[in-house]
Amino acid sequence: MPTAASSTEVRRAVRDVAHLVAFRAGTVRRPRAFAIAAAVFVGLTAAAAGVPTFVDGAGSYRGYALDTITILPSAMAGFLLLAIASAVASGGGRELLDREHAVVHPVSPTTDHLGALLLAPLNIAWLLQAWILLGATSYGVQRPFLPFALLGVLLWIGLATVIGQVVAWTVEAIRRRDHGIAVVRSLAVVLFGVAVLLQLSGRLGTLLDKFPTTHLAAGLVNGFSGRWAVCICIEVALVLVAVALGAVPAHLAAHRTARDELRVESGSYPARGLPRSPLAALVRTDRGSVWRAVPMRRGLAVLAIGPGVVALAGNLDWAQMTILPGLVASGGALLFGVNAWCLDARGGLWRESLPVGPGTVFAARAWVLTEFLLVASFTTMVLAGLRAGLPDASELTALLCTWVVVVLQVVSSALRWSSRRPFAVDLRSARATPAPPLVMVGYSTKLAVTTTLTSLVFSGLARVPHPELSVLVASPFLVWSMIRLLHARDAWTDPVQRAKVVTTVAA
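Parameters at a glance
Residues numbered from 1 in each chain as written. Predicted model: local features only at pLDDT ≥ 70, side-chain atom pairs only at ≥ 80, totals over all residues. Heavy atoms only, no water. Helix = DSSP H or I, 4+ residues; strand = E, 2+ residues; numbered from the N terminus. Rg over C-alpha atoms; globule rule 2.2 N^0.38 Å. Buried < 20%, exposed > 50% of the residue type's maximum accessible area, 1.4 Å probe, protein only. Areas by Shrake-Rupley, 256 points an atom, 1.4 Å probe, with all protein chains shown as cover. Lys, Arg positive; Asp, Glu negative; His and termini not counted. Charge placed at Lys NZ, Arg CZ, Asp CG, Glu CD. Axes fitted to C-alpha atoms, helices over the stretch in contact; angles between N-to-C directions. Parallel < 35°, antiparallel > 145°, perpendicular 65-115°, else oblique. Left-handed = near helix turned anticlockwise from the far one by under 90°. Contact = heavy atoms within 4.5 Å. Nonpolar A, V, L, I, M, F, W, Y, C, P; charged D, E, K, R; others polar. Salt bridge = Lys/Arg side-chain N within 4 Å of Asp/Glu carboxyl O. Phe/Tyr/Trp six-rings, centres within 6.5 Å; stacked < 30°, edge-to-face > 60°. Core = buried A, V, L, I, M, F, W, Y, C linked by side-chain atoms within 4.5 Å. Domains from an automatic or database assignment. Patch = residues over 30% accessible without salt bridge, like charges linked within 9 Å, V, L, I, M, F, W, Y side chains within 5 Å. Arc of directions from axis to C-beta.

1. Brief notes about the overall build of the protein chain
Along the backbone of the protein chain there are 21 helices and 0 strands. Here the C-alpha atoms of the protein chain give a radius of gyration of 24 Å, agreeing with the 23 Å that 2.2 N^0.38 yields for 507 residues. Taken along the three principal axes of its C-alpha coordinates, the protein chain extends 75 × 65 × 50 Å. Looking at the 507 residues of the protein chain, the share that counts as buried comes to 45%. Element-wise, carbon and sulfur atoms account for 70% of the exposed surface of the protein chain, whose accessible area totals about 24,700 Å². Charged side chains in the protein chain number 43 positive and 26 negative. The centres of these two groups are separated by 3 Å.

2. Here's the deal with the packing of helix 15 (residues 323–333) against helix 18 (residues 393–420)
Remark: helix 15 packs on helix 18, axes separated minimally by 9 Å, with the N-to-C direction vectors making an angle of 20°. What the angle tells us is that helix 15 and helix 18 run roughly parallel. At the point where helix 15 passes helix 18, the crossing takes the right-handed sense. Each of Pro 325, Gly 326, Ala 329, Ser 330 and Ala 333 in helix 15 lies in contact with helix 18, whose residues at this interface are Leu 399, Trp 403, Val 406, Val 407 and Val 410. Split by residue class, the contact of helix 15 with helix 18 holds 8 nonpolar, 2 polar and no charged.

3. Examining the packing of helix 18 against helix 20 (residues 467–493)
One way to put it is that helix 18 packs onto helix 20 with a least axis distance of 9 Å and a crossing angle of 15°. The orientation of helix 18 with respect to helix 20, classified from their angle, is roughly parallel. Two packed elements cross with a definite hand, and for helix 18 against helix 20 that hand is left-handed. When grouped by side-chain class, the residues that make up the contact of helix 18 with helix 20 number 18 nonpolar, 8 polar and 2 charged.

4. Details of the pattern of salt bridges
With the rule as written, the count across this model stands at 8 salt bridges. What you see here is one network of salt bridges that share partners, running through Asp 286, Asp 344, Arg 351 and Arg 365.

5. Considering the packing of aromatic side chains
Overall, the coordinates contain 11 aromatic pairs when judged by the stated rule. Look at Phe 41 and Trp 131: their rings are 6.2 Å apart centre to centre, the planes differ by 20°, and that puts the pair in the stacked class. Of the two residues, Phe 41 is situated in helix 2 (residues 31–50) and Trp 131 in helix 6 (residues 124–140); the sequence distance between them amounts to 90 residues. This pair shows no difference in class: Phe 41 is buried, exactly as Trp 131 is. Judged by centre distance (5.9 Å) and plane angle (45°), the rings of Phe 148 and Phe 224 are tilted.

6. Brief notes about unusual backbone geometry
Even without being glycine, Ala 345 reaches a positive phi, approximately 50°. Note on placement: Ala 345 falls in the loop between helix 15 and helix 16 (347–352). Since its relative accessible area comes to 24%, Ala 345 is described here as partly exposed.

7. Overview of the nonpolar core
One finds Met 296, Phe 336, Phe 362, Phe 372, Leu 415, Leu 427 and Tyr 443 to be the most contacted residues of the largest nonpolar core, which totals 58 residues. Elements represented by at least two residues in this core include exactly helix 13 (278–291), helix 14 (294–314), helix 15, helix 17 (358–384), helix 18, helix 19 (437–461), helix 20 and helix 21 (495–505). Considering each element in turn, this core owes the most residues, 11 residues, to helix 17. Core analysis: the second largest hydrophobic core is formed by 31 residues, Leu 127, Leu 150, Leu 159 and Leu 220 among them.

8. Overview of the environment of Ala 217
Checked against the element boundaries, Ala 217 lands in helix 10 (residues 213–220). Along the primary structure Ala 217 and Ile 305 are separated by 88 residues, whereas in three dimensions their C-alpha atoms are 31 Å apart. Among residues more than four places away in sequence, those in contact with Ala 217 are Pro 73 and Met 76.

9. Regarding the domain arrangement of the protein chain
Once the domains are mapped, the protein chain shows domain 1 (44–263) and domain 2 (278–505). For domain 1 versus domain 2, the distance between C-alpha centres works out to 28 Å.

10. Looking at the environment of Leu 472
As for its placement among the helices and strands, Leu 472 is situated in helix 20. A relative accessible area of 57% means that Leu 472 is categorised as exposed.

11. Here's the deal with the side chain of Thr 68
Checked against the element boundaries, Thr 68 lands in helix 3 (residues 63–89). When its relative accessible area of 14% is taken as the criterion, Thr 68 is described as buried. Excluding anything up to four places from it in sequence, Thr 68 contacts Ala 136, Tyr 139 and Gly 140.

12. Quick look at a nonpolar patch on the surface
A grouping of Ile 323, Val 449, Leu 453 and Leu 456 is seen on the molecular surface, where their side chains present a nonpolar patch of about 350 Å² in accessible area. With respect to the helices, strands and loops of the structure, Ile 323 is situated in helix 15.

13. A word on helix 21
Along helix 21, the positions that sit buried rather than exposed are Arg 498, Val 501, Val 502 and Val 505. The arc that holds every buried residue of helix 21, seen down its axis, measures 95°, which confines them to one face. Here the buried face of helix 21 lies against helix 16, helix 17, helix 18 and helix 20.

Structural data, given as structure tokens:
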């Protein structure tokens, strides 16, 4: 069975991607808001690439400008690692067409591969890192050389994204073989262990200095020259090769059954004793639907362990750790919380027939989402604290207050959005997202800004020798979040609004 994409299939795949993009664009609920959001992101990208060059000291090769040029190769390597980790965690990248819709509208693996590449930038982590990379280049490079350097960095961003996609499809193809899940998990543990050991031994910086991005960055930042032209040609050639190469593992993965997804759908779960109350029964049902879902488990592992290992390698102090709970909680809500009722899907119609009040249903869903975010962020904090020593009272109080505040902020926002803008999504696929890509970017931006600003407040309080001050500052945050959570509960208990949500997610 051929697995490589022929030229005819490539042309057909490109046409299919265009049709699918037009189809997705036709389903946008608010075209004007979509156009405004697209213009905002284009404007932010242009600002990131152009504004830093007008800052005092930009391009002087002294002070901060010199530091920026020095760390540019490491930043490029970091973007590559981010692209790989993001694509691997999503099982090969995001779906341009949902798996359930693909049954009646079959698309080739090459089309799926190209569609996932197209959706890769619709990720707030990808966008932030790309903006930082463009901004660093704009600040560090002299203005006459800047257009040439930005072109090279843009090509690198594209190349890193394509390489991440190739690695992700390869990992997915391995995962779907016999014992593939165990192999992938073992490789992940080994890679994390090696990275931590390199950092602890002080050799990680030396290894990054030997990364090919060092030579590439040196050829891009000195203006037009023969070396610059060679670097650009190499990047273009590698992008084209990687795009074509990615179709091979995509075909291999498509021709094999997703073992972890199939195991969940075909598994046998023994009956347990009846719970003591309707709330406990609903919590058990919701908890099972979350923890048995493949994207939830993968997402939890990446969110809980990834930032924790990075913080462990970076040896963060306790005041700096206050940024971690918000980061993890925001990412966890994006797995399902921003469209929490989509977990029910068609089962929502059955659940509405149960003799249970809507307030109890809401309480169960809010509790399960809260415990999901608490477990993920607690795991990250434990890993990050292994090298930080013992915290003093102010540091520990500030961190715990941040943990509780940001989780409650995220839960209240997520449940409010879930009732306001429901979407019909099949979360059985490891590549599924609870909302359309552009909506997810908006959600992630709002959550990231809110939790980051809150974390910065408590990061400053961690350095104040008065632990009670953190509790005092946390109180209005908690009260406000509880008020918003009660408003979300009122929206769910309204029968008209609840009928809209249930019929939408069950469609």
